[in-house]
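Residues per chain, in single letters:
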Amino acid sequence: MQRAAPQTFDRVLSSMCTRPHPAARNAAERFLATNPGDPATYQTVAALEEDALAYLAEITGLETPHGYITSGGTEANIQAVRAARNYLARDDPNVVAPESIHFSFQKAADVLGVELRTVPVDDDYRADTDAVRAAVDSNTIVVAGVAGTTEFGRVDPIPELTDIAHDAGALMHVDAAWGGFVLPFTDHEWSFSHAPIDSMTIDPHKYGQAVVPAGGLLFRERDVLDALAIDTPYLESASQASLTGTRSGAGVASAAAAMRELWPTGYRDVYETQQANAEWLYEQLVARGYETVEPELPLVAAELPESEFESLRDLGWRISRTGSGELRIVCMPHVTRDSLRAFLSDLDSLSPVRN
Ligand SMILES: Cc1ncc(COP(=O)(O)O)c(C=O)c1O
C-alpha cells in the first residue's frame, strides 16, 4: 500500500488550522514522547509549558498566568465552564452566550449538566448586550463572549459583557481561540487588560502556528484554576487540573517554540498580510456582485449560490459554509494573494454572467 501523504495547504481556505512554523514542527518532533500531564517525570516539557503560559499571558495582558496548554479550544471551553461550576457551586447552573458561540459550548453543557442559554446577536453578528442581560439570573455561572467568532470573525463587546457577568456574580469567559493571536495588533477591547475578565481560551494551534494539539486556557485567579484540580495519588505531582491525563508534549513544546519565534513581530506581520488579503478579497467579491460581510478580522463571509460552492469544492478548494449558508474564507497564515487570485479565477470561470 502506498504511504498516505497529508494534504497541502494550497487550497485550504476555510480551516482554522495552518502550516506550523518550522521551529514549532521541530520542537514537536523532539518532544513527541513526553507527557506534561506527569510534570514530575517529564520536567523539561513541564518547564516549556510554563514558558508557553508566560507568552500567552503577555499576549493577553494577564499579569500572572494561571492555566495550562489544552488539547484545543474545545477542552479549554469545557474546562472554563467546569471551573466556574465547581468554583461558584450554584444550583441549576446556566451559561449565557451569544448564538455565535462555538459549538464546543454545547459539548460543555452536555458533559457538565449545565444549561446553555444562547441569545440573539445584533445586526453585525455581535452579542446583543440587552439580550445577554435579560438572560442572566442568579443561577448564571458564566457569561461567555467571543473575540473572533468562528463564522464571521466578530469581536463581542467584552467590557460590557464582563460588567453584566459580574453584576450577576458570574464569571466572564472570553473565547479568543482563533482571534487571540491577531487581536493584539488591533484596537479591539478583548483582553485581560481591557476588562476584569476571569478566563480565556486562546489556541496556539490556530493563528499561533503551533502544531495540533495545542490550545490554551488562562485564568486571572489561581483559585478558579484550582477548582479543576483533582488529587493524583500515583504521580509524584500532587494534583492535576487538565481534562485529559496524558497530554501532548509535542503540542506544548511547539506552542512555546512558535511563540518564542513569532511574538510579537512575526505575528504582527502575518496579521497585517492576512488582514490586507481579507480586505482585498472582500472588495473583489463585492465587485463581482456577491453579498459579502466586511472583514473585521482576517475572515470573509459571502453569499454564494449552492451550485458554485459545490463546483469549487469539486475543483479541490477546501471551503465551508456558516450555519446560515455563507461561504467563509479564513485568511490563515498559509493563505497567499496568489491562492486567492486562483480561487477567484475558478469562481469567475463558473459564473461568467457576473463578469
Ligand atoms: C472561537 C472558537 N472556539 C473554539 C473552537 C474549538 O477549537 P478546537 O477545534 O481546537 O477544539 C474553535 C474552532 O474553530 C473556535 O473557532
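Residues numbered from 1 in each chain as written. Predicted model: local features only at pLDDT ≥ 70, side-chain atom pairs only at ≥ 80, totals over all residues. Heavy atoms only, no water.

J.: Even after reading the chapter, I still don't get helix H6 (residues 158-167), so can you show me in this structure?
T.: It helps to recall that an α-helix has 3.6 residues per turn; residues three or four apart then point in one direction. Taken residue by residue, H6 has Ile-158, Pro-159, Leu-161, Thr-162, Ile-164 and Ala-165 as its buried positions. Next to the buried residues of H6 lie helix H5 (129-135), strand E4 (140-146) and strand E5 (171-175). Following H6 by one or two positions, Gly-169 adopts a phi angle in the positive range, close to 75°. (Buried < 20%, exposed > 50% of the residue type's maximum accessible area, 1.4 Å probe, protein only. Helix = DSSP H or I, 4+ residues; strand = E, 2+ residues; numbered from the N terminus. Contact = heavy atoms within 4.5 Å.)

J.: Which parts of the structure should I look at to understand unusual backbone geometry?
T.: Across residues other than glycine, the phi torsion is negative in most instances, and most of the peptide bonds are trans. For the bond from Val-212 to Pro-213, the omega torsion is 5°, close enough to zero to count as cis. Structurally, Pro-213 can be placed in the loop between strand E6 (199-201) and strand E7 (215-219). Omega for the bond connecting Trp-263 with Pro-264 falls within 30 degrees of zero, at -5°, which places this linkage in the cis form. Examined against the element boundaries, Pro-264 turns out to sit in the loop between helix H8 (249-262) and helix H9 (265-287). Positive phi values are uncommon outside glycine, yet Tyr-125 reaches one of about 70°. Inspection of the secondary structure puts Tyr-125 in the loop between strand E3 (115-119) and H5.

J.: Can you walk me through a negative patch on the surface in this structure?
T.: Negative charge collects at one region of the surface, where Glu-160, Asp-163, Asp-167 and Glu-189 lie side by side. One can find Glu-160 in helix H6. (Patch = residues over 30% accessible without salt bridge, like charges linked within 9 Å, V, L, I, M, F, W, Y side chains within 5 Å. Areas by Shrake-Rupley, 256 points an atom, 1.4 Å probe, with all protein chains shown as cover. Salt bridge = Lys/Arg side-chain N within 4 Å of Asp/Glu carboxyl O. Lys, Arg positive; Asp, Glu negative; His and termini not counted. Charge placed at Lys NZ, Arg CZ, Asp CG, Glu CD.)

J.: Looking at this structure, how should I read the side chain of Thr-70?
T.: Relative to the helices and strands, Thr-70 resides in strand E1 (residues 66-70). On the accessibility criterion, Thr-70 (3% relative accessible area) is buried. One polar contact links the side chain of Thr-70 to the main-chain carbonyl oxygen of Gly-72, over a distance of 2.8 Å. Excluding residues that lie within four positions of it along the chain, Thr-70 makes contacts with Glu-75, Ala-76, Pro-213, Ala-214, Gly-215, Gly-216 and Leu-217. (Polar contact = N/O pair within 3.5 Å; in protein donor to acceptor, adjacent residues only side chain to side chain.)

J.: What is the right way to read the sheet that holds strand E2 (residues 94-98) from this model?
T.: Strands belonging to one sheet form pairs held by backbone hydrogen bonds; the direction of such a pair is parallel or antiparallel. Taken together, the seven strands give an open sheet; going across it, the order is E1-E7-E6-E5-E4-E2-E3, and neighbouring strands pair in mixed fashion. Each edge of the sheet is formed by a strand with only one pairing partner; in this case those strands are E1 and E3. Averaged over neighbouring strand pairs, the angle between their axes works out to 20° when direction is ignored. In terms of strand pairing, E2 meets E4 through three bridges, oriented parallel. From the neighbouring strand, Asn-94 faces E4, where its bridge partner is Thr-140. Set on the sheet, H6 makes contact with E4 and E5; between it and E5 the angle comes to about 150°. (Pairing = 2+ DSSP bridges. Axes fitted to C-alpha atoms, helices over the stretch in contact; angles between N-to-C directions.)

J.: What should I look at first to understand the pairing of strand E13 (residues 327-330) in this one?
T.: Here is the key point about a regular strand: its side chains alternate between the two faces of the sheet. Neither face of E13 is left uncovered, since the one carrying Leu-327 and Ile-329 and the one carrying Arg-328 and Val-330 both have all their residues buried. The pairing of strand E11 (residues 299-302) with E13 spans four bridges and is classified as antiparallel. In the sheet register, Val-300 faces E13, and the bridge partner there is Ile-329. Remark: five residues form the turn of the hairpin made by strand E12 (residues 320-321) and E13, two consecutive strands paired antiparallel; Gly-325 in that turn has positive phi of roughly 100°.

J.: When you look at the site of the ligand in this model, what are you seeing that I'm missing?
T.: Lining the immediate environment of the ligand, one finds Met-16, Gly-72, Gly-73, Thr-74, Asn-77, His-102, Thr-150, Asp-175, Ala-177, Asp-203, His-205 and Lys-206. Interatomic distance of 2.8 Å between a side-chain N/O atom of Thr-150 and an oxygen atom of the ligand. A distance of 2.6 Å is found between a nitrogen atom of the ligand and a side-chain nitrogen or oxygen belonging to Asp-175. The fraction of the free accessible surface of the ligand (390 Å²) that becomes covered by protein chains is 83%. If you tally residues by element for the shell around the ligand, the top one is helix H3 (residues 73-88), at three residues. (Near = heavy atom within 4 Å.)

J.: Which parts of the structure should I look at to understand the pattern of salt bridges?
T.: When the charged atoms of two side chains lie near each other, side chains of opposite charge can form a pair. Inspection of the entire model under this criterion finds 15 salt bridges. Put simply, Arg-247 and Glu-49 hold a salt bridge, and the shortest N to O gap is 2.8 Å. In this pair, Arg-247 is assigned in the loop between strand E9 (239-240) and H8 and Glu-49 in helix H2 (residues 43-60), connecting sequence segments 198 residues apart. Among the salt bridges present, the one from Asp-348 reaches Arg-288, with a minimum N-O distance of 2.7 Å. On the criterion of sequence distance, the pair formed by Asp-348 in helix H11 (residues 337-350) and Arg-288 in the loop between H9 and strand E10 (292-293) is long-range, its members being 60 residues apart.

J.: Teacher, can you tell me more about the packing of aromatic side chains here?
T.: Centre distance and the angle of the planes are the two values used to describe a pair of aromatic rings. According to the stated counting rule, one finds six aromatic pairs in the structure shown. With centroids separated by 3.9 Å and ring planes inclined at 15°, the aromatic side chains of Tyr-125 and Phe-152 adopt a geometry described as stacked. Within this pair, whereas Tyr-125 is found in the loop between E3 and H5, its partner Phe-152 is found in the loop between E4 and H6, the two being separated by 27 residues in sequence. A relative accessible area of 25% means that Tyr-125 is categorised as partly exposed. With a relative accessible area of 8%, Phe-152 lands in the buried category. Chaining the aromatic ring pairs together yields one cluster made of Phe-185, Trp-263 and Tyr-271. (Phe/Tyr/Trp six-rings, centres within 6.5 Å; stacked < 30°, edge-to-face > 60°.)

J.: Whenever I open this one, the sheet that holds E13 confuses me. Can you help?
T.: Within the open sheet, the four strands sit side by side as E10-E11-E13-E12. Their pairing is antiparallel. The sheet is open, and its two edges are formed by E10 and E12, each paired on a single side.

So, to be careful, I would describe these as geometric facts and stop short of saying anything about function.
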